[in-house]
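So the chains spell out like this:
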Amino acid sequence: MHQQLILDKITSILAATNNGYDEQLTAMLDNAKRIFISGAGRSKLVGNFFAMRLVHSGYDVSVVGEVVTPSIKAGDLLIIISGSGETEQLVAFTNSAKKQGADIMLISSKAESTIGKLADGVFQIGSEELYGKVQGMPMGTVFELSTLVFLEATVSHIIHDKGIAEEKMRERHANLE
């Protein structure tokens, strides 16, 4: 019962999400010199999943907040994952990246937000009315899981669009585990 509840909700969110986002995001990734990904809490974990797959796909990716993350510059892309688009730390990151001339993309459940107004673009996952209280899916779960599936589907699009073989991805996979 609970598995079906989750699957049905994610399906409804993704059905209400723009079908062209995967191609738009792929174009942005391809046009960026380097890619930086940030989020807070569970959204940061979703960003980490995405960053890993992008590295496997051959992109130059850094996760904001890691000790080895370089400085962001003009020509770079900062992807912010935030359900609310209001997280203070992420607003600060957005402002800093804008000052450096980086492009900003927000992935959110709310296009109209502080980060959304600062960003060069917003990918709204679902529509706001679909994010009401859902029994058994507390505190952002719907957004996080829907965003994870959306980003995994985008990676799938990249792999198929560019003809990236799984063997090539495995060569880029961490081997100090």
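Heads up: the structure comes first, above all this text.
Calculation rules
- Residues numbered from 1 in each chain as written.
- Predicted model: local features only at pLDDT ≥ 70, side-chain atom pairs only at ≥ 80, totals over all residues.
- Heavy atoms only, no water.
- Helix = DSSP H or I, 4+ residues; strand = E, 2+ residues; numbered from the N terminus.
- Expected span 1.5 Å × (residues − 1).
- Buried < 20%, exposed > 50% of the residue type's maximum accessible area, 1.4 Å probe, protein only.
- Arc of directions from axis to C-beta.
- Contact = heavy atoms within 4.5 Å.
- Pairing = 2+ DSSP bridges.
- Axes fitted to C-alpha atoms, helices over the stretch in contact; angles between N-to-C directions.

S.K.: Summarise helix α4 (residues 88-99); cite the residues concerned and give the values.
M.R.: Since the α-helix advances by 3.6 residues per turn, residues separated by three or four positions end up pointing in the same direction. In this model, α4 (12 residues) spans 17 Å end to end at C-alpha, consistent with the 16 Å of a helix rising 1.5 Å per residue. If you check which residues of α4 are buried, you get Leu-90, Val-91, Thr-94 and Ala-97. The arc that holds every buried residue of α4, seen down its axis, measures 130°, which confines them to one face. Turned more than 90 degrees away from the buried face of α4, the exposed residues are Glu-88 and Lys-99. Those residues of α4 that are buried are in contact with β1 (35-39), β3 (77-81), β4 (103-108) and α5 (114-118).

S.K.: Give a detailed account of the sheet that holds β3, specifying residues and quantitative values.
M.R.: With respect to topology, five strands assemble into an open sheet ordered β2-β1-β3-β4-β5, the strand pairing being parallel. Lying at the two open borders of the sheet, with one neighbouring strand each, are β2 (61-63) and β5 (121-124). In this sheet, adjacent strand axes meet at a mean angle of 20° when their direction is disregarded. Pairing geometry for β4 and β5, over four bridges, is parallel. The residue of β5 that forms the bridge with Ile-107 is Phe-123. The strands that helix α2 (residues 21-31) touches are β1, β3, β4 and β5; relative to β5, the one it contacts most, it runs at about 145°. Packing of α4 onto the sheet brings it into contact with β1, β3 and β4, and relative to β3 it is tilted by some 165°.

Limitation: the analysis is restricted to geometry and does not speak to function.
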